[in-house]
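Descriptive structure summary
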Amino acid sequence: MSLDVNWAAVVVGTIAHQIVGALWYGAIFKNTWIRAMGINPDEMGGPGAGAGFAFGAVCSFLSALALAVIMTALDNPDVTQGVVAGLITGIGFVAAATFMNGFYEQKKPILSALFGGYYTVGLVAVGAILGAWY
């Protein structure tokens, strides 16, 4: 097994993952997420928002890198295999762990669904990008 990672694809995948997050928690599910979290919309985006976005970018990078490493185990991965790898890791690892933790922490199931869904869609996007570039 070779661990030759396409760093450009990892960076573009990271950016795509962040864009999915911005759309998911902004345009698509913003109000649902705000209600489920019990957040006052007027208090969002304060001085610590930049650090939160930077931390999220680092986490997205680590996820894209991990998926890239997993995909190096495939022979000549393509977009379809990237999408499947994104689905498997998103549903099998992130969403499953998110629902389990949400259950034990007694969080609203919608929060687990939102986060697990976002991360799965994000990893599918990353997987498609990685698959296209390998």
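Our subject is the structure that appears above.
Computed from a predicted model, the values in this text were never measured in an experiment.

Criteria and cut-off values
- Residues numbered from 1 in each chain as written.
- Predicted model: local features only at pLDDT ≥ 70, side-chain atom pairs only at ≥ 80, totals over all residues.
- Heavy atoms only, no water.
- Patch = residues over 30% accessible without salt bridge, like charges linked within 9 Å, V, L, I, M, F, W, Y side chains within 5 Å.
- Areas by Shrake-Rupley, 256 points an atom, 1.4 Å probe, with all protein chains shown as cover.
- Salt bridge = Lys/Arg side-chain N within 4 Å of Asp/Glu carboxyl O.
- Helix = DSSP H or I, 4+ residues; strand = E, 2+ residues; numbered from the N terminus.
- Buried < 20%, exposed > 50% of the residue type's maximum accessible area, 1.4 Å probe, protein only.
- Phe/Tyr/Trp six-rings, centres within 6.5 Å; stacked < 30°, edge-to-face > 60°.
- Core = buried A, V, L, I, M, F, W, Y, C linked by side-chain atoms within 4.5 Å.
- Contact = heavy atoms within 4.5 Å.

A cluster of nonpolar side chains, contributed by Val11, Ile15, Ile19, Leu23 and Ile28, occupies part of the molecular surface with about 460 Å² of accessible area. Its location among the elements puts Leu23 in helix 1 (residues 7-28). For Leu23, a relative accessible area of 45% gives the class partly exposed.

Take the packing of aromatic side chains next. All chains considered together, the criterion is met by eight aromatic pairs. Aromatic side chains Phe115 and Tyr118 sit 6.2 Å apart centroid to centroid with 65° between the ring planes, which places their arrangement in the edge-to-face category. Linking Phe115 with Tyr118, this pair stays in helix 5 (residues 109-133), spanning three residues, or about one helical turn. Assessed through its relative accessible area of 33%, Phe115 is described here as partly exposed. Through successive ring pairs, a cluster of aromatic residues spans Tyr25, Trp33, Phe115, Tyr118 and Tyr119.

Membership of the largest hydrophobic core comes to 18 residues, with the highest contact counts inside it found for Val10, Leu67 and Leu130. Elements with a contribution of two residues or more to this core: helix 1, helix 3 (49-71), helix 4 (79-104) and helix 5. Ignoring anything within four residues of it in the chain, the contact list for Leu130 reads Ala9, Val10, Ala64, Leu67, Ala68 and Met71.

Under the definition given, this model contains one salt bridge. A salt bridge links Lys107 to Glu105, with the shortest nitrogen-to-oxygen separation between them at 3.2 Å. Lys107 sits in the partly exposed class, given a relative accessible area of 46%.

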